[in-house]
Amino acid sequence: MHNCKANRETLIALALNPSDQTQSLPAEIETCATCRTEYAALRNSLRLAGQAKQSALPAESFWPGYHARLRQRLEAASQSAVPSFAFEEQHLRTRLGNLFTSSVRVPVPVAAGLLLFLLISFAFALNSRRPIKTPQPIVVTKTVEVRVPQATIRERVVTRVVYRERDRRQTAGVKANAIAARRNEPAETPFSLIGFKPANEVKLTIIKGSYRDEK
Amino acid sequence: MKLFQVAPLSISEDELIKRAQSADMDAFCLLAQRFERRIYSLALHFCHNRQDAEDLSQEVWLKSYQALNTFKGESSFYTWLRKITINCFLNHQRARSFRWRGQTTAVQLFDMDSIEAGERRESAADSEKAFLNRIMAQKVMQALSELTSQQRLIFLLKHHEEMTYEEIAKAVGCSTGTAKKSVYRAVIKLREHLNIDVQTPTAFHALQAKIEIGV
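Predicted model only: the values in this text are computed from it and were never measured. (Residues numbered from 1 in each chain as written. Chains lettered and ligands numbered in written order. Predicted model: local features only at pLDDT ≥ 70, side-chain atom pairs only at ≥ 80, totals over all residues. Heavy atoms only, no water.)

Enquirer: Could you give an account of the overall build of chain B, naming the residues involved and the relevant values?
Expert: Each helix and strand counted, chain B has 9 helices and 0 strands in total. Ordered by position from the N terminus, the helices and strands of chain B form the series α-α-α-α-α-α-α-α-α. Counting the 215 residues in chain B, one finds 48% classified as buried. For chain B, restricting intrachain contacts to residue pairs at least 6 apart in sequence, the fraction spanning at least 24 positions comes to 63%. Looking at chain B as shown, the accessible area adds up to about 11,000 Å², and 51% of this sits on carbon and sulfur atoms. (Helix = DSSP H or I, 4+ residues; strand = E, 2+ residues; numbered from the N terminus. Buried < 20%, exposed > 50% of the residue type's maximum accessible area, 1.4 Å probe, protein only. Contact = heavy atoms within 4.5 Å. Areas by Shrake-Rupley, 256 points an atom, 1.4 Å probe, with all protein chains shown as cover.)

Enquirer: Quick one: what's the story with the nonpolar core, residue by residue and with numbers?
Expert: Trp-61, Phe-77 and Phe-89 of chain B are the most contacted members of the largest nonpolar core, which totals 83 residues. No other element matches helix H2 (residues 25–47) of chain B, which puts 15 residues into this core. Sequence-distant contacts of Trp-61 of chain B, that is, excluding residues within four places in its chain, are made with Tyr-66, Leu-70 and Leu-74 of chain A together with Phe-28, Leu-31, Ala-32, Phe-35, Glu-36, Ile-39 and Leu-81 of chain B. (Core = buried A, V, L, I, M, F, W, Y, C linked by side-chain atoms within 4.5 Å.)

Enquirer: Tell me about the packing of helix H4 (residues 33–55) of chain A against helix H8 (residues 176–194) of chain B, and please be specific about residues and values.
Expert: Two elements in contact, H4 of chain A and H8 of chain B, have axes separated by 9 Å at closest approach and are oriented at 90 degrees. Taken together, H4 of chain A and H8 of chain B sit at an angle that is classed as roughly perpendicular. Contacts from Glu-38, Ala-41, Leu-42, Ser-45, Leu-46, Leu-48 and Ala-49 of chain A of H4 of chain A reach H8 of chain B at Val-187, Leu-190, Arg-191 and Leu-194 of chain B. For the contact of H4 of chain A with H8 of chain B, the residue count by class is 8 nonpolar, 1 polar and 2 charged. (Axes fitted to C-alpha atoms, helices over the stretch in contact; angles between N-to-C directions. Parallel < 35°, antiparallel > 145°, perpendicular 65-115°, else oblique. Nonpolar A, V, L, I, M, F, W, Y, C, P; charged D, E, K, R; others polar.)

Enquirer: Describe the packing of aromatic side chains, naming the residues involved and giving the relevant values.
Expert: One pass over the full model with this rule turns up 14 aromatic pairs over all chains. When the centroid spacing of 6.0 Å and the interplanar angle of 85 degrees are considered together, the rings of Tyr-66 of chain A and Tyr-40 of chain B count as edge-to-face. Placement of Tyr-66 of chain A in helix H5 (residues 62–81) and of Tyr-40 of chain B in helix H2 is noted, with the two residues assigned to different chains. Taking relative accessible area as the criterion, Tyr-66 of chain A reaches 0% and is therefore assigned buried. Taking the centre distance of 4.8 Å and the plane angle of 55 degrees together, the rings of Phe-28 of chain B and Tyr-65 of chain B count as tilted. Residue Phe-28 of chain B is located in helix H2, and its partner Tyr-65 of chain B is located in helix H3 (residues 50–66); the two are separated by 37 residues in the primary sequence. A relative accessible area of 0% places Phe-28 of chain B in the buried class. Look at Tyr-65 of chain B and you get buried, because its relative accessible area is 15%. Three or more aromatic residues link up through ring pairs in this structure, and these residues are Phe-35, Phe-71, Phe-77, Tyr-78 and Trp-80 of chain B. (Phe/Tyr/Trp six-rings, centres within 6.5 Å; stacked < 30°, edge-to-face > 60°.)

Enquirer: Kindly report on the packing of helix H1 (residues 8–16) of chain A against H4 of chain A, identifying the contributing residues and their values.
Expert: Helix-helix packing is described using two parameters, namely the angle between the two axes and the distance between the axes. All names here are of chain A. Running from N to C, H1 and H4 point in directions that differ by 40 degrees, and their axes come no closer than 9 Å. In this view, H1 runs oblique relative to H4, as classed from their interaxial angle. H1 and H4 meet at a crossing whose hand is right-handed. Two secondary-structure elements touch here, H1 through Arg-8, Leu-11, Ile-12, Leu-14, Ala-15 and Leu-16 and H4 through Cys-35, Glu-38, Tyr-39, Leu-42, Arg-43 and Leu-46. Of the residues belonging to the contact of H1 with H4, the class tally is 9 nonpolar, no polar and 3 charged. (Left-handed = near helix turned anticlockwise from the far one by under 90°.)

Enquirer: Kindly report on the confidence of the model for chain B, identifying the contributing residues and their values.
Expert: Residue and element names in this part refer to chain B. For chain B, the mean per-residue pLDDT works out to 77, and 72% of the residues sit at or above 70. Here helix H9 (residues 203–214) stands out as the least confident element of chain B, with mean pLDDT 53; helix H7 (residues 165–172) is the most confident, with 92. A low-confidence stretch, residues 1–5 stays under pLDDT 50, and its non-local contacts, those more than four residues away or across chains, total 15 contacts. The low-confidence segment residues 100–121, where pLDDT is below 50, has 38 contacts with residues more than four positions distant or belonging to other chains. (pLDDT = per-residue confidence, 0-100.)

Enquirer: Got a sec to walk through the pattern of salt bridges? Specific residues and values, please.
Expert: Taken as a whole and judged by the stated rule, the model has 12 salt bridges over all chains. Put simply, Lys-189 of chain B and Glu-146 of chain B hold a salt bridge, and the shortest N to O gap is 3.2 Å. With Lys-189 of chain B in helix H8 and Glu-146 of chain B in the loop between helix H5 (124–145) and helix H6 (149–159), this pair connects stretches of sequence that are 43 residues apart. Given a relative accessible area of 16%, Lys-189 of chain B falls into the buried group. What makes Glu-146 of chain B partly exposed here is its relative accessible area of 35%. Linked by salt bridges that have partners in common, Arg-8 and Glu-38 of chain A together with Arg-191 of chain B make up one network. (Salt bridge = Lys/Arg side-chain N within 4 Å of Asp/Glu carboxyl O.)

Given below as structure tokens:
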């Protein structure tokens, strides 16, 4: 069954496409009077929109001024394309100026919260600078005598007797000879420093190192 | 100030592009002169305000002058220029939506009183036709102003530039379906505002007929 509303998109597509306008409409649309009327209206609308494109343009007297303004903008753009030092400086100044003069929009609750936070932190900072009064502890002095054990030097004499086994035969012979010698020989004089006379000059050679020449 | 010279047709587009690429501003101005009306018309239908349209179209020329060295001749100059135009329009749309968030029909209507006096110096025979044309243009602008800026841009690209839906979708960054829907919506708006009824013609429709005969 023919539905005019369903065909509207087809009608628009046909009205938009200039190449299809020359062709005959589909039979379904051609036979329906409403569709034909709608199609004609759509075509007229688009035709008038096309005419409006031309008529909306300004008159010839508009264009010289337009050209002058465009040329001015192009020249300004080409000059700014090669920035000089002065320009950079000016740009920096402008940016700094903008930094100080610009403002940021903050919602009221956020601003109030920030302000409160700043106030609290400021109050804390002020409190932290004051000297903290802490109660001084009571000091009680008491003298306690403590005996320090002194180190004592203890001497101990360790005597050790070492026995050595000898050949009994040899010892017996030696003992017999010794007894015989004692009987025959006079008794030896004990070693003493009687009659010792020291020399007038003492010659000392001090050897310092391992080298022969070093003295 | 040096104004634009009349673009001599003897100089080819390629020659002008080459000269402009070697920082010849005069050549670029001559090049701009060839396409300025198309760009301005698009901007005017997009912004609905002469001042904004001038700013926007000049922004397009400025951007294209700065990016001229990126033009490699792989497409026609106008196709390349149109890409820049679409980008400028989209940037303008983003900036505007940021400034006027939540305002759906935030456009200034086409101001008939802002037409320069020079435009009115027309012969008596043409004055009626010109007047009707302006009314028609205003109606078209009103219809387009009820669309979102993206829908408006898509409609202009389809109707004025005769781009395919695929090309539009790629350029604007949306799906083909969205592009189609935007165009359909724009056509329906035009149909409503122009109020064309073929079966019951009114006095206004008679004037429309006069315009059509004049064309």
